[in-house]
Amino acid sequence: MIEPVRPIASEDIDQARTRIAGTVLRTPLVKLDLGSGAPDIYLKLENLQPTNAYKIRGAANAVARLSEAERARGVWTISAGNAGQGVAYAARQFGIPCSVVAIETAPQTKLDRMRTLGANIVPVSYDDAWNAAETHSFEGVAGTFIHPFDNHDFIAGHATMGLEILEDLPEVRTVIAAIGGGGLITGVGSAIKAHKPNVSVLGAEPETAAPYALSLQEGGPRKFPDWEASFVDGAGGKSVTERMWQRMRAVTDGTITVTLDQTRDAMRLIAERTRTISEGAGALALAAALTGKGGDGPIVCIVSGGNIDLAKFSDLVAA
């Protein structure tokens, strides 16, 4: 049975923070100096997590919250790579089996990392994976299901990042996060709005897959009709589900759509200035901030992940 949607409470976030403290890093917040006239931007480098992506926060909390009986059945999730790595990492810590219904076009580095962490990979098409995410089921895969974004404990784990941002930059005015399924921005937005409701929380989506922008425009959850696959594989879903629409609307102030060229430029800039690698989804927030639509700052851009094949990354940033 799917539990009803409910707000992420402050106590959920505080408890998650304690629960995942031994697994998750407190990632640095790095100022991006772009010179006079540019927005005041800081990067939250979640690409430095043990799995090189923020998803480990939610996964560690969700697996830790399972009962012994639920863990005994093993766990499974759906992923383009980062959620799968997070759940597999947490499952390995508890010594339990993990399966991942993985999008078959995911970068090889993500597939390899999931296998290295002990996950059993079930490759499927993007459409089949998205259908499983919407229905919370996939025939033939056994175990306790941990949804990669529509899961209260998963989202509460992500929310711990919001507390870190507020502690490290109390004067923050805007926080920008990529939107895929919506779990990241719901978590971070829940923490931000609970403590500083005047801080603006904005999403970032690629022009090839911007269902939240369309949903806001039309006043309800929508499917994005012109969806296209791109190197931004970790964000930009085909639609906004009714449940995630309920979650996101309460804690966000809008979203910014960016081009793939702007995303590539942001990937290059992150590499040049921080000497770290960002995947396409990880660079969306910075690309959005650089449009000027997020204001003058201080802006925190969440670099959500860095799992991308090195050859692909080199081709993209050299273009």
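In this text, all values refer to a predicted model and were calculated from it rather than measured experimentally.

**Here we look at the overall build of the protein**
When you go through the protein residue by residue, the secondary structure sums to 13 helices and 10 strands. Relative to the 2.2 N^0.38 estimate, which gives 20 Å for 319 residues, the radius of gyration of the protein is 18 Å and therefore close to what a compact globule would have. Overall size of the protein, expressed as C-alpha extent along the three principal axes, is 55 × 40 × 40 Å. Here the protein, with 319 residues, has 60% of them falling under the buried criterion. Summarising the internal contacts of the protein: among those between residues at least 6 apart in sequence, 73% fall at separations of at least 24. Total accessible area on the protein stands at roughly 12,600 Å², and carbon and sulfur atoms take up 48% of it. The average position of the 30 basic charges and that of the 36 acidic charges among the side chains of the protein differ by 3 Å.

**Here's the deal with helix 12 (residues 280-290)**
What sets the pattern is the α-helix's 3.6 residues per turn: residues three or four places apart point alike. A large share of helix 12 lies buried, amounting to 10 of its 11 residues. Turning to helix 12, its buried residues are G280, A281, G282, A283, L284, A285, L286, A287, A288 and A289. Positive backbone phi, approximately 90 degrees, marks G292, located one or two places after helix 12.

**Examining the sheet that holds strand 4 (residues 98-103)**
Taken in spatial order, the four strands of this open sheet run 5-4-3-6, and their pairing is parallel. Unpaired on one side and paired on the other, strand 5 (120-124) and strand 6 (144-145) mark the two borders of the sheet. As paired strands, strand 3 (residues 75-79) and strand 6 are joined by two bridges and run parallel to one another. Counterpart to W76 in the pairing with strand 6 is F145. Packed on one face of the sheet, helix 5 (residues 108-116) meets strand 4 and strand 5 and runs near 170 degrees to strand 4.

**Observations concerning helix 1 (residues 10-20)**
Here helix 1 has its buried residues at I13, A16 and I20. Summarising the axial view, the buried residues of helix 1 lie within an arc of 60 degrees, below the 170-degree limit, and thus occupy one face. Each element contacted by the buried residues of helix 1 is listed here: helix 2 (55-65), helix 7 (152-168) and helix 8 (183-195).

**What about the layout of surface pockets?**
If you roll a probe as big as a water molecule over the atoms, it shows you where there is empty space left. A volume near 310 Å³ is recorded for the second largest pocket. Considering only residue class, the lining of the second largest pocket consists of 12 nonpolar, three polar and four charged.

**Things to note about the nonpolar core**
If you look at soluble globular proteins, the nonpolar side chains tend to sit buried side by side. Membership of the largest hydrophobic core comes to 46 residues, with the highest contact counts inside it found for I78, V175, V300 and I302. No other element matches the seven residues that helix 7 contributes to this core. Not counting chain neighbours up to four residues away, the residues in contact with I302 comprise K44, E46, M161, I165, V175, I176, A177, L184, V188, G282 and A285. In this structure, I176, A204, A287 and I299 belong to the second largest nonpolar core, which totals 34 residues.

About the thresholds
- Residues numbered from 1 in each chain as written.
- Predicted model: local features only at pLDDT ≥ 70, side-chain atom pairs only at ≥ 80, totals over all residues.
- Heavy atoms only, no water.
- Helix = DSSP H or I, 4+ residues; strand = E, 2+ residues; numbered from the N terminus.
- Rg over C-alpha atoms; globule rule 2.2 N^0.38 Å.
- Buried < 20%, exposed > 50% of the residue type's maximum accessible area, 1.4 Å probe, protein only.
- Contact = heavy atoms within 4.5 Å.
- Areas by Shrake-Rupley, 256 points an atom, 1.4 Å probe, with all protein chains shown as cover.
- Lys, Arg positive; Asp, Glu negative; His and termini not counted.
- Charge placed at Lys NZ, Arg CZ, Asp CG, Glu CD.
- Pairing = 2+ DSSP bridges.
- Axes fitted to C-alpha atoms, helices over the stretch in contact; angles between N-to-C directions.
- Arc of directions from axis to C-beta.
- 1 Å grid on protein atoms, 1.4 Å probe; cavity = no way out; pocket = protein on both sides within 12 Å on 5 of 7 lines; lining within 4 Å.
- Points joined across faces, edges and corners; volume = space filled by probe spheres on them.
- Nonpolar A, V, L, I, M, F, W, Y, C, P; charged D, E, K, R; others polar.
- Core = buried A, V, L, I, M, F, W, Y, C linked by side-chain atoms within 4.5 Å.

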